[in-house]
Amino acid sequence: MQIGAHVSSAGGLVKALDRGDAMGADVVQIFTQSPRTWRSSAHSHEELTSYAAAQAAHPRVRATFCHATYLVNLATADEALLAKSHRCLVENLVTASAIGASGVVLHVGSHRGAGIDAVLVQVAGGIVAALDGASDELGCTCCPLLLENAAGAGGTVGRSFAELARILDATGDDERIGTCLDTQHLFASGSDYSSTEAADSVVADLDRTTGLARLGCIHLNDSLVPLGANRDRHANLGEGEIGAAALGCLVSHPLLDGVTAILEVPGDGDGPRSVDVVAARALLADGIARRAG
Ligand SMILES: [Zn+2]
Ligand SMILES: [Zn+2]
């Protein structure tokens, strides 16, 4: 399993590769624009193509994932917000594709209590339209869109893999759509994986619903809040309510071996550090050793 880290792209996108390299990460995740504003960053054509070239030739960092803007809400009843969300998601996908990213991770949005049934067609249509729109702008197929499981707060869509599977189904199983499993969101939405057996049943559930072949990456985070708290609050590995042993039970699953796990932990307040990457490799090794008996 490759270990990645969310890093800043301040000062130019390509700096993200140096930051990932400096902390010993195999993979980086970045925002291609400020995650809490609608305004898209004006990246020059040169900046995008030089990132793609630097990524392809990088001796250590093997892939880049992008995280979509947090404001995007494909489940909203507000038409103006939906239109902005659509435009923003297309821009996220176009930029990510231009830098050669492996996928864009998306929080699908919140229906604010209307229920998944009320928004399923809209959400699925919005996802397909964004992928089509980005591919049209690029003149080729854009990178995959990875739907992330939600912690379950306030009507968030994707609180279970069964719910994400319904969205996939409503898109006609569009091949451009994948998933992202966030370990903190999984725990906060009520899934326990504190033993190898429990972790195996979580992975089996994932395979039964959205299918493991769709899993584009894992977000490897501990949790500040308890099991089932339905809140999205990340903690450093081994310092939260999940703990290093349970995280190790999950990520050591043999069927997840080829998947990349990306840290989105707080570190000292500025995000993942090299000690967090070391902690990730250690809990993975411990989990594998436990499985080997
Ligand atoms: Zn995440
Ligand atoms: Zn989160």
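Above: the structure in question.
Since the model is a prediction, treat every value here as computed from it, not as a measurement. (Residues numbered from 1 in each chain as written. Chains lettered and ligands numbered in written order. Predicted model: local features only at pLDDT ≥ 70, side-chain atom pairs only at ≥ 80, totals over all residues. Heavy atoms only, no water.)

Novice: Break down the environment of V123 for me, with residues and values.
Specialist: Along the chain, V123 turns up in helix α4 (residues 116-138). Since its relative accessible area comes to 0%, V123 is described here as buried. Note: C-alpha distance between V123 and G133 (10 residues apart in sequence) is 15 Å. (Helix = DSSP H or I, 4+ residues; strand = E, 2+ residues; numbered from the N terminus. Buried < 20%, exposed > 50% of the residue type's maximum accessible area, 1.4 Å probe, protein only.)

Novice: Could you give an account of the nonpolar core, naming the residues involved and the relevant values?
Specialist: Counting residues in each nonpolar core, the largest one holds 76 residues, and the members touching the most others are L93, I127, L145, L147, I167 and Y193. If one sorts the elements of this core by residue count, α4 sits on top with eight residues. For L147, the residues in contact, after removing those within four places along its chain, are L106, V108, I127, L164, I167, I177, G178, T179 and C180. Ranked by size, the runner-up nonpolar core spans eight residues in total, among them V27, A63, C217 and I262. (Core = buried A, V, L, I, M, F, W, Y, C linked by side-chain atoms within 4.5 Å. Contact = heavy atoms within 4.5 Å.)

Novice: Lay out the pairing of strand β1 (residues 3-6) with the relevant residues and their values.
Specialist: Because side chains alternate across β1, one face comprises the buried residues I3 and A5, and the other comprises G4 and H6, equally buried. The pairing of β1 with strand β10 (residues 261-263) spans three bridges and is classified as parallel. Pairing of A5 across the sheet is with L263, part of β10. Both β1 and strand β2 (residues 27-30) contribute to a ladder of three bridges, which runs parallel. By the bridge assignment for β2, H6 is matched with Q29. Following the backbone out of β1, through helix α1 (residues 15-22) and into the adjacent parallel β2, one traces a crossover that is right-handed. (Pairing = 2+ DSSP bridges. Right-handed = clockwise from strand over helix to strand, strands pointing away.)

Novice: Describe the coordination of the zinc ion (ligand 2), with residues and values.
Specialist: Bound to the zinc ion (ligand 2) are the protein donor atoms H185 (NE2), D232 (OD) and H234 (NE2), situated 2.0 to 2.2 Å from the metal. Separation of the zinc ion (ligand 2) from the zinc ion (ligand 1) amounts to 4.0 Å. You can see H185 sitting in helix α6 (residues 183-188) and its partner H234 sitting in strand β9 (residues 234-235), a full 49 residues away along the chain. With respect to class, H185 is no different from H234; both count as buried. (Donors = N, O, S within 2.8 Å, 3.2 Å for Na, K, Ca; no water.)

Novice: Pulling in residues and values, what's your account of the environment of V128?
Specialist: Among the structural elements, V128 can be located in helix α4. In sequence terms V128 and S274 are 146 residues apart; their C-alpha atoms lie 37 Å from each other. Aside from chain neighbours lying at most four places away, what touches V128 is T171, D174 and R176.

Novice: So what's going on with the coordination of the zinc ion (ligand 1)? Residues and values would help.
Specialist: Here the zinc ion (ligand 1) is held by E148 (OE), D182 (OD), H219 (ND1) and E264 (OE), and the distances to it run 2.1 to 2.3 Å. Taken together, the four donor atoms surrounding the zinc ion (ligand 1) define angles of 84 to 170 degrees at the centre, an arrangement classified as irregular. Site description for the zinc ion (ligand 1): donor spacing in sequence, E-x33-D-x36-H-x44-E. (Tetrahedral: all angles 85-135°; square planar, octahedral: opposite > 155°, others 65-115°.)

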